[in-house]
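# Observations on the model geometry
This is what each chain is made of:
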Amino acid sequence: MSKPLAGKTILVGVTGGIAAYKAATLCSRLVGLGAEVRVMMTEGATKFITPLTLQTLTRHPVATDVFDERDAAVVQHIDWADSADLAVVAPATANMLGKLANGIADDMLSTTLLATTAPLLLAPAMNVHMWEHPAVIDNVNKLAARGAYFVEPGTGQLACGYVGKGRLAEPDEIVDAIVKKLTGPQPLDGQRVLITTGGTIERIDPVRYITNDSSGKMGFAIAEAARDRGAEVTLVCGRTEASPPHGVDVVRADSALRMRDEVMARMDGTDVVIKAAAVADYRPLSRADHKIKKTSDSFSLELVRNPDILQEIGEWREARGGGPYVVGFAAETADVEKHALDKLARKKCDLIVANNVAAEGAGFGKETNIVSFYGRDGYAEHLPQMTKRAVAERLLDVVQDARKGTAGR
């Protein structure tokens, strides 16, 4: 996985709300992306999560007391304030928003934030009525006017029992905001990427169906990677085992016919199409309205062909004389290269990602994959066993280079 935050120092402030426990995930994600993370906690925050937890995750001491100076050579809160590339407060309670808006510095965190010149990112979390209180609104507006950035709270079940806006944004959402703030323009900014994933379901009756084996994990990894590169991602999902990534537009399409309709309706304005879904080739000629009962020792089912979505995209693009860059997937069990090249030609793709799903480390539902890329111009690349996220990153590298006319060079 790429390390977009390598060389960046991030000051993470944790305040005394129930959502303080999410700071552990936030810090872990930031460290995984290469950041140096320094944590400051209010006294209230230490009642919800221990400093030792965050110290272990960041491999740095956690600061909680402005008078606890551990290094006589520096004043800690000034040193940390000066070294930060970005200051983040998550969760940011109503109390901390009030302090920051009014220049109050009465603990380690508020004092440091008053001293830093780094950009400030705030992720508020509080009761819905607190979030809507005029005083809090005024403080948020005041901070925003001074240049603070906000990751707004989400709507959902709150610890107090209310359902409403006030829940801390998920750590991955906060991480996305941090990455965008610190890394600047991304290679896929302004690009629309449509990805299909999962297996389609072709109903026989209300309780039975035909499907293809697919966890959706490869498509999810590509969606995450494209999102992290700045793309506007639409993810058309069939049946999947895991939850789709946040920050993308998720469209559920359980059958091949529904998936075809959802994909083709979005072709105009799409820059890249990546067809990673396992679409069933056939569907029952008719679907029973009620559960079919057992009446004999055998049962015959007449099937008809489903539309070939990938081929339809290629034909649509050819008829228009242009369109999105198109990537297809070929899951094979034998003669992988032969079938991949045939699919590349027949379906008018720009690139085929092929793999032998019977190979160890490349089958369905696994965290790894072993793939080969085949392009129209004779380009071929064979990847070793890699995590699906690493495969996704390399795939997007190839797509970006090809769109610039540099693939295979």
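The structure we're discussing is the one just above.
Bear in mind that the values here come from a model prediction, so they are computed numbers and not experimental data.

### A short note on the packing of helix α9 (residues 217-228) against helix α13 (residues 388-403)
- For the pair α9 and α13, the least separation of the axes is 8 Å and the interaxial angle reads 55°. One way to sum up the angle between α9 and α13 is to call them oblique. By crossing handedness, the relation of α9 to α13 is classed as right-handed. The segment α9 lies against α13, with Lys217, Met218, Ala221, Ile222, Glu224, Ala225, Ala226 and Asp228 engaging Lys388, Arg389, Val391, Ala392, Glu393, Leu395 and Leu396.

### Focus: the pairing of strand β19 (residues 372-375)
- Burial of the side chains of β19 extends over both faces: Ser372 and Tyr374 are buried on one face and Phe373 and Gly375 on the other.
- Here β19 pairs with strand β20 (residues 380-382) via 3 bridges, running antiparallel. Bridging across to β20, phenylalanine 373 finds its partner in glutamate 381.
- As consecutive antiparallel partners, β19 and β20 are separated by 4 residues, and within that stretch glycine 378 has a phi angle of approximately 90°, a positive value.

### Description of a nonpolar patch on the surface
- Nonpolar side chains collect at one region of the surface, where Tyr282, Phe299, Leu301 and Leu303 lie side by side and expose about 390 Å² of accessible area between them.
- Judged by its relative accessible area of 56%, phenylalanine 299 is exposed.

### Digging into the side chain of aspartate 176
- Along the polypeptide, aspartate 176 turns up in helix α8 (residues 171-183).
- We classify aspartate 176 as buried; its relative accessible area is 15%.
- Apart from the residues within four sequence positions on either side, aspartate 176 is in contact with Arg227, Asp228 and His246.

### Digging into the pairing of strand β4 (residues 120-124)
- Among the 5 residues in β4, 5 count as buried, and that is most of the element.
- By the bridge criterion, 4 bridges tie strand β3 (residues 86-92) to β4 in an arrangement that is parallel. The residue of β4 that forms the bridge with valine 88 is leucine 121.
- When β4 meets strand β5 (residues 149-150), the two strands line up parallel, connected through 2 bridges.

### Observations regarding unusual backbone geometry
- Proline 91 follows alanine 90 through a cis peptide bond whose omega is 0°.
- Looking at the secondary structure, you find proline 91 in strand β3.
- Although it is not a glycine, arginine 59 sits at a positive phi angle of roughly 65°.
- Following the sequence through the fold, arginine 59 ends up in the loop between α2 (51-58) and α3 (76-83).
- Residue arginine 59 is classed as exposed on the basis of its relative accessible area, which comes to 66%.
- The phi torsion at aspartate 335 lies on the positive side, around 50°, for a residue other than glycine.
- With respect to the helices and strands, the residue aspartate 335 is situated in the loop between β16 (325-332) and α12 (336-346).

### Quick notes on the sheet that holds β4
- An order of β2-β1-β3-β4-β5 is seen for the 5 strands of this open sheet, with the pairing classed as parallel. Edge strands, defined here as strands with exactly one partner in the open sheet, are β2 (36-41) and β5.
- As paired strands, strand β1 (residues 9-14) and β2 are joined by 6 bridges and run parallel to one another. Bridging from a neighbouring strand, isoleucine 10 pairs with valine 37 of β2.
- Running over the sheet, helix α1 (residues 22-32) touches β1, β2 and β3 and is turned about 175° from β1.
- In the packing of helix α5 (residues 108-115) onto the sheet, contacts are made with β1, β2, β3 and β4, and the angle to β1 comes to roughly 140°.

### Looking at the pattern of salt bridges
- Overall, the coordinates contain 23 salt bridges when judged by the stated rule.
- A salt bridge links lysine 22 to glutamate 170; the shortest N-O distance between them is 3.0 Å. Taken together, the residues span a long stretch of sequence, with lysine 22 in helix α1 and glutamate 170 in the loop between β7 (163-167) and α8 at a distance of 148 residues.
- Taking relative accessible area as the criterion, glutamate 170 reaches 36% and is therefore assigned partly exposed.
- Between arginine 227 and aspartate 228 there is a salt bridge; the shortest N-O distance is 3.0 Å.
- Aspartate 228 gets classed as partly exposed once you look at its relative accessible area, which sits at 27%.
- Each member of the salt-bridge network shares a partner with another, and the members are Asp176, Glu224, Arg227, Asp228, Arg229, Glu381, Arg389, Glu393, Arg394 and Asp397.

### Here we look at the sheet that holds β19
- The strand order across the open sheet formed by 8 strands is β12-β11-β8-β13-β16-β17-β19-β20, and the pairing between neighbours is mixed. Two strands in the sheet have a free side with no partner beyond their single neighbour: β12 (249-252) and β20. Across the sheet, the axes of successive neighbouring strands diverge by a mean angle of 15°, strand direction being ignored.
- In the sheet, strand β11 (residues 232-237) pairs with β12 via 4 bridges, with the strands oriented parallel. Counted as the bridge partner of leucine 235 is valine 250 from β12.
- Strands in contact with helix α11 (residues 309-320) are β13 (272-275) and β16; relative to β16, the strand with the most contacts, it is inclined by about 155°.

How each quantity is defined
Residues numbered from 1 in each chain as written. Predicted model: local features only at pLDDT ≥ 70, side-chain atom pairs only at ≥ 80, totals over all residues. Heavy atoms only, no water. Axes fitted to C-alpha atoms, helices over the stretch in contact; angles between N-to-C directions. Helix = DSSP H or I, 4+ residues; strand = E, 2+ residues; numbered from the N terminus. Parallel < 35°, antiparallel > 145°, perpendicular 65-115°, else oblique. Left-handed = near helix turned anticlockwise from the far one by under 90°. Contact = heavy atoms within 4.5 Å. Buried < 20%, exposed > 50% of the residue type's maximum accessible area, 1.4 Å probe, protein only. Pairing = 2+ DSSP bridges. Patch = residues over 30% accessible without salt bridge, like charges linked within 9 Å, V, L, I, M, F, W, Y side chains within 5 Å. Areas by Shrake-Rupley, 256 points an atom, 1.4 Å probe, with all protein chains shown as cover. Salt bridge = Lys/Arg side-chain N within 4 Å of Asp/Glu carboxyl O.

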